[in-house]
Amino acid sequence: EEASVVSSIKALFTGDCWFKVTDMTGKIVITGLKKANEEVNFQGSAPFHVVIGDASKVSLFFEEKLVNLKPYTSRNGRAEITLKPSVSFNQG
């Protein structure tokens, strides 16, 4: 059982981009087509599962750190990533 940790996610868009975020319970908390200059801010229970329609159109931040989407991006530009809290409070 993972302890739920409140984490923040932020996304800045430079163009049309499908964006979906699911929280640790499997509930979709953000979904839809985002447009240039839109910004998404969300705080909730991580890990977050994020699906991005076009990774080149988004800067994604998790816990205020820029996420490198390249390793998670397929050839068609779609990215899928699970963001987990870097600090686990239930250890030690």
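You'll find the structure just up there.
Residues numbered from 1 in each chain as written. Predicted model: local features only at pLDDT ≥ 70, side-chain atom pairs only at ≥ 80, totals over all residues. Heavy atoms only, no water.

## Topic: the sheet that holds strand 2 (residues 17-22)
The condition is simple: Pairing between strands is defined by DSSP: at least two bridges between the two strands are required. Secondary structure elements follow DSSP: runs of H or I no shorter than four residues count as helices, runs of E no shorter than two count as strands, and numbering proceeds from the N terminus. With axes taken as lines fitted to C-alpha atoms, and helix axes fitted only over the stretch in contact, angles between N-to-C directions fall between 0 and 180 degrees.
Read from one edge of the open sheet, four strands run 3-2-5-8, paired in antiparallel fashion. Two strands lie at the open edges of the sheet, namely strand 3 (28-34) and strand 8 (79-83), each paired on one side alone. Sheet twist, expressed as the average angle between the axes of neighbouring strands with direction ignored, equals 10°. Here strand 5 (residues 48-52) runs beside strand 8; their pairing, made up of five bridges, is antiparallel.

## As for unusual backbone geometry
To keep things clear, this is the line we draw: In this scheme, a residue with accessible area under 20% of its type's maximum is buried, one over 50% is exposed, and one in between is partly exposed, where area comes from a 1.4 Å probe on protein chains only.
In this chain, alanine 46 is followed by proline 47 through a cis amide linkage whose omega measures 5°. When you line up the elements, proline 47 lands in the loop between strand 4 (39-46) and strand 5. A positive phi is found at asparagine 37, a non-glycine position, where the angle reads about 70°. Note that asparagine 37 resides in the loop between strand 3 and strand 4. Judged by its relative accessible area of 75%, asparagine 37 is exposed. Positive phi outside glycine occurs at glutamate 64, with the angle close to 65°. Counting through the fold element by element, glutamate 64 comes out in the loop between strand 6 (58-62) and strand 7 (65-66).

## Observations concerning the packing of aromatic side chains
So the rule is basically this: Each Phe, Tyr or Trp ring, with Trp reduced to its six-membered ring, pairs with another whose centre is within 6.5 Å; inter-plane angles below 30 degrees give stacked pairs, above 60 give edge-to-face pairs, and intermediate values give tilted ones.
Applying the stated rule across the entire model yields three aromatic pairs. Their ring planes at 90° and their centres at 6.1 Å tell us that phenylalanine 48 and phenylalanine 62 sit as a pair that is edge-to-face. Here phenylalanine 62 lies in strand 6 and phenylalanine 48 lies in strand 5, a separation of 14 residues in the sequence. In terms of burial, phenylalanine 48 and phenylalanine 62 fall into one category: buried. Three or more aromatic residues joined by ring pairs form one cluster here, namely Phe42, Phe48 and Phe62.

## A closer look at the pattern of salt bridges
Between side chains of opposite charge, a pair can form as their charged atoms come close. Test applied: Salt bridges are counted wherever a side-chain nitrogen of Lys or Arg sits within 4 Å of a carboxyl oxygen of Asp or Glu.
Going through the model one piece at a time under the given rule, you end up with three salt bridges. For lysine 35, the salt bridge is made with aspartate 16, and the minimal N-O distance between the two is 3.9 Å. Of this pair, lysine 35 sits in the loop between strand 3 and strand 4 while aspartate 16 sits in the loop between strand 1 (5-13) and strand 2; the two residues are 19 residues apart in sequence, bridging distant segments of the chain. Two residues, arginine 78 and glutamate 80, come together in a salt bridge whose shortest N-O distance is 2.8 Å.

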